[in-house]
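Here are the chains, one letter per residue:
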Amino acid sequence: MTGTVFSLEVNPKIPERLAQLEDLANNLWYSWDRPTQGLFASLSHPLWSATNHNPKAFLKRADQKTLEATAENPVFIGALNRVAAAFESYHESPNMAHVHGHKFKDDDLIAYFCAEFGFHESLPIYSGGLGILAGDHCKGASDMGLPFIGVGLLYRQGYFQQTLDANGQQHAIYNDSNFDDLPISPILDEAGNAVMISVDFPSRNVVAKLWEVKVGHVRLILLDTWLPENSDRDREITHRLYGGDKHTRIEQEVLLGVGGTRALATLGLKPTVWHVNEGHAAFLILERIRNLVAGGLPYAAALEAVASNVVFTTHTPVPAGHDHFSGDIIGSYFANWCHELGMSREQLMALGAEPGKSDFNMTSLALHGSRHHNGVSRIHGGVSADICRYLWPQINPAENPMDYITNGVHLPTFLAPEWSETFERYLGIGWQERQTELSNWDGIQLIPDATFWSIRQQLKSKMLKLVSERIREQHRRNQGSPAHLDRMLKFANPDNPNILTIGFARRFATYKRAALLFQDLKWLREIITQAGRPVLFLFAGKAHPADQPGQEIIRRIAQISKMPEFEGRVLLVEGYDLHLARSLVAGVDVWLNNPIYPLEASGTSGMKAAMNGALNLSVLDGWWGEGYDAGGDAANGWAIKPAPGHLDDQQRDSEEARSMYELLQDHVLPTYYRTGPMGYSPEWVAMSKASIATISPRFNVVRMVSEYVKKFYAPAIEQGRRYSKDNFITARAVADWKTKVRAAWSGVRMHRRDTPELRLKFGGTISMKIAVQLNGLSPEDVTVEALFGRPGHKAGIGRIRHYPLNCCEGSGDNGESMYSLELTPELCGKLEYRIRIFPTHPSLVHKFETGLMVWL
């Protein structure tokens, strides 16, 4: 046939009795409420799958007769009414508001900026872990009833869809989203017109349209430049997530930070906390300073006022994860800003400066413009404190202002629904509301082993069914033979899930070492081909289209999976997305993670797997450094100890692969296949129960967001109000004080005016007299203190005791101030002590935020 093909979509009329379905379809509450998902799926499972589990798209394509018949179905109407009642109840009273315990004021608002948000596969504006974490953060804030709003960009293409050819070559496919199908709505003004904001770019003005997403209680504001008012080039700014060149990237980040700030102002919203989730949004700091300077505040005071209520979270120690731009690019986009900011070009570049580098670093800008900073695990917090020590050069990294809050995951999203009824029975009604309480999870031990194992096998069977469907489609598209497909799927049998299944699914970045398992193929072959002990390895994940080393790892795994001894035992599944991720973390027996230490900032997939009863086999990095528990009665997984730091890359990989093989052959396989008369391993079930009971209460997003409230949000609100009160009198005072201190600090000196005692009887007193040259500063500007501890302890590490010295009346030679201390040590044995001085001001957010200190 010839001729033009015209498209036409006929949308059904939703019966009045089903009108509530449209409300449910327009709130991402459905992304974690399983009964809501079940409602839509029950209308047509094939259509539910074809629309990628998107309720809004589903309703646009549903069959009219089916809807009309369903409207007369009392069973469905009853289920709809129950879901609608739960939806209304959730919005009236958040079920986790009791956890954080903070009383927010009516005008409090936390604004959370991020470049990507991953809530559900129906809203594809995410690429990986950062987006999923941001989505979970919003869901947790909704569950807890926080005054919270998200700000991001509405990408027309989002991240790419992945296919793999017969050789394992990754192909990136980009599809434009139909905004009419997404759970989003344009924001309209009182006249019914779309609300727009504009941002100045070099020699032009770019307009962005504002869209809104409802996530339970939380609103998400998204900016979109794909508008007729913009040039073709400027429409591309929000076309593709992490796409384009450096100019596209900086334009996305200017739009996010500057445009996002203007969007909130246009909507009449005045945040009392500004959370910069990774450095992409850090330009909001410049926009907020510009607004204050325009109101008459000096630049230095404006910086202090802005920084007082900015929270900055860094998510990676990998250099590629920190955006940086040349001075020329920054100059071209911000040349006119220097005058408006009341600063020189050198001062602007200094905000993004990193020692030894000429580029403007967005992480540096975020750190300079915030006073609350954190990494995303205990290990990562320490690593970040060391990486960022140049901002506080005289402070020991263990004491500098970089803190940490370990990531968590949204339990209702990632806990398989098959657990719900069993948890309700053995943990008690309302167990989710007690999810952060350790004792809440004691009931896991009450679940009969046979029941527990049955659920685990159901989840594995369900997962293997999805994997088989994906592999079949992959094989069909690549024109493989039916016989070869049978060989590939001989162990991935949903009807016989009695096989140890190990999963590895995440971004294929080189530092995550997806191919470490194949370091010694001979040894691996011996482990997994033992009679009666089959093993199935499942791999899934994407490499960035520009990451050729990452794509080479995918090709290598594909090649190994074709070797006769590994065929069917190693499967590489294409199209990794949230749907596949939820299935894998729920269904595998073991979750494998072997990053290069200490480059895994946190990782959350292992938490999701553990909550479903999988056992982690992981390098002790990121969250697993806190989560691994060797246990009393049962461990909750296995730990690969990082190799010594002095080894080269090859030696390190060889050493850690050897540890992995030893754990597999000596512990994992024997434990799994040490079955009892009921056909399962009691020891394995005990470990699986321990995994759920120890990980779930500590690594859920409610605990995480509660920590943000207590550590950062509540203090930031208080500091922000304090700094802005009475025409910013405190911000002005702190800025002037810091200027004075920095000018004088190079001349601050100390020396002892006494002879140090070397030995003392217990109960005796040691006296210290210190002369301090304050170089024009007053005693109120500084703290002089002695630090006592056992030999080997460093400042800020271990059991160090701090004793302030008192300033004596009068002065010493050359205008020196005299400080003294009379101290009776509380410990016997060998002690060490040091004496230091640092600037002090009652309004500082962190006592060492100046980065200045002198040791005697």
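Residues numbered from 1 in each chain as written. Predicted model: local features only at pLDDT ≥ 70, side-chain atom pairs only at ≥ 80, totals over all residues. Heavy atoms only, no water.

Turning our attention to the packing of helix α19 (residues 449-477) against helix α23 (residues 578-587). Interhelical geometry of α19 versus α23 gives an angle of 140° and a closest axis separation of 8 Å. Judged on the interaxial angle alone, α23 and α19 are oblique. Between α19 and α23 lies a crossing whose hand is left-handed. Facing α19, whose interface residues are R456, L459, K460, K462, M463, L466, V467 and R470, α23 presents H579, L580, S583, L584, A586 and G587. (Axes fitted to C-alpha atoms, helices over the stretch in contact; angles between N-to-C directions. Helix = DSSP H or I, 4+ residues; strand = E, 2+ residues; numbered from the N terminus. Parallel < 35°, antiparallel > 145°, perpendicular 65-115°, else oblique. Left-handed = near helix turned anticlockwise from the far one by under 90°. Contact = heavy atoms within 4.5 Å.)

Our next topic: the pattern of salt bridges. Under the definition given, this model contains 49 salt bridges. Each member of the salt-bridge network shares a partner with another, and the members are R513, D649, R652, D653 and E656. (Salt bridge = Lys/Arg side-chain N within 4 Å of Asp/Glu carboxyl O.)

With respect to the helices and strands, A492 occurs in the loop between α20 (482-488) and β15 (500-505). Judged by its relative accessible area of 3%, A492 is buried. C-alpha separation for the pair A492 and K460, spaced 32 residues apart in sequence, amounts to 9.8 Å. Residues contacting A492, with those up to four places away along its chain left out, are L464, S468, L536 and L571. (Buried < 20%, exposed > 50% of the residue type's maximum accessible area, 1.4 Å probe, protein only.)

Look at helix α10 (residues 284-294) against helix α11 (residues 299-307): their axes get within 9 Å of each other, and the N-to-C directions meet at 130°. Judged by the inter-axis angle, α10 sits oblique to α11. The hand of the α10/α11 crossing is right-handed. Contacts between α10 and α11 involve I285, R288, I289, L292 and V293 from the former and Y299, A302, L303, A305 and V306 from the latter.

Our next topic: the sheet that holds strand β24 (residues 801-804). Taken together, the four strands give an open sheet; going across it, the order is β24-β23-β27-β28, and neighbouring strands pair in antiparallel fashion. Looking at which strands have only one partner, the edges of the open sheet turn out to be β24 and β28 (854-855). With two bridges joining them, strand β27 (residues 832-839) and β28 adopt antiparallel strand pairing. Within the sheet, the bridge partner assigned to R836 lies in β28 and is W855. (Pairing = 2+ DSSP bridges.)

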